Amino acid sequence: MTESTSTSLIGSYLGLCKLKVVALIVFTAMVGMFLATSPPGMVPWDVLLFGNLGIGLAASAAAAINHVLDAREDAKMARTSNRPLPQGEINGRNALIFAGLLGILSMAILVVLINPLTAALTFLSLVGYAVVYTMYLKRATPQNIVIGGAAGAAPPILGWTALTNSLDPHALLLFLIIFIWTPPHFWALAIHRRDEYAKVDIPMLPVTHGVPFTRLQILLYTILLLLVSVLPFVTRMSGPFYLLGALALGGGFLWYAIQLMQGKDVAMKTFGYSIWYLMAIFAILLVDHYLPLLF
């Protein structure tokens, strides 16, 4: 095997991991760790390193399994046809072995170096996304992304439990923000790609109920998200700085949702903003948590 071939193969395996998605997952998990410090302080280096490594490896394993289970549909969709399996760069058997190794390594790190609670919750999240959502929900109901969103909303809880070895109501608020954010985030993409989903018989909401109904659902969920995002301030988990940031970010999301509702072609702009929104609101949560140390 030549060096260029070896590099290409490594790139293909990394492509199975959906590294951009995993980076967002690890970021929200890391914020969960820092928010769990009381009073605000530094997360121990071993929890920060091995906790996020274990969570990231589990997310990568789930992504690789998703690639295998969706390979047939991916080959027919323009958005996913260049993935490693449809391109024949890796076969399904090797992809599953790779996913299994990542999953085993993840669980070993979390059980031995973090705590069994975090390992168990991470495993449930992996199974929820890779098996329950990808194998069943995705093809069974137009509410697939709503129900399956629970797995994707888990990372802040995982980060919190990695530090504290316990569940906390504030961690559940972080979970709730991502859980409510997921439908308007993904449905915006689904509107743009509705013809592709229809071609492969995946019952995304724009396919089964039409684009106008999906636009309405995006608007309603965005309003709900704006309300839910205020809860950290209401419960005194966060302060005025976070409140102002959450209202500004939520207002921007709502503006896009209204534009969509008016029939304007902003689905991908809404999708792009939603990603920026989630990163920003968790960053503001983090900054707000440490503001008392500056005054």
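This text follows the structure it describes.
Below: a short report on this structure. (Residues numbered from 1 in each chain as written. Predicted model: local features only at pLDDT ≥ 70, side-chain atom pairs only at ≥ 80, totals over all residues. Heavy atoms only, no water.)

## Focus on the side chain of Ser 229
Looking at the secondary structure, you find Ser 229 in the loop between helix H12 (211-228) and helix H13 (231-234). Reaching out from Ser 229, the side chain makes a polar contact with the backbone oxygen of Leu 226 at a distance of 2.8 Å. Setting aside anything within four residues of it in sequence, one finds Ser 229 in contact with Ile 177, Tyr 242, Ala 246, Tyr 277 and Ile 281. (Helix = DSSP H or I, 4+ residues; strand = E, 2+ residues; numbered from the N terminus. Polar contact = N/O pair within 3.5 Å; in protein donor to acceptor, adjacent residues only side chain to side chain. Contact = heavy atoms within 4.5 Å.)

## So, the side chain of Thr 214
With respect to the element layout, Thr 214 can be found in helix H12. Judged by its relative accessible area of 0%, Thr 214 falls in the buried class. In this structure Thr 214 touches Trp 187, Ile 191, Leu 205 and Pro 206, once residues within four positions along its chain are discounted. (Buried < 20%, exposed > 50% of the residue type's maximum accessible area, 1.4 Å probe, protein only.)

## Some points on unusual backbone geometry
Cis geometry marks the peptide bond from Ser 38 to Pro 39, where omega comes out at 0°. Along the polypeptide, Pro 39 turns up in the loop between helix H2 (19-35) and helix H3 (45-69). We note that Asn 165 has phi near 60°; this positive angle belongs to a residue other than glycine. Note that Asn 165 resides in the loop between helix H8 (155-164) and helix H9 (169-192). A relative accessible area of 44% means that Asn 165 is categorised as partly exposed. Of note, Asp 201 is a non-glycine position whose phi angle comes to about 60°, a positive value. Here Asp 201 shows up in the loop between helix H10 (194-199) and helix H11 (205-209).

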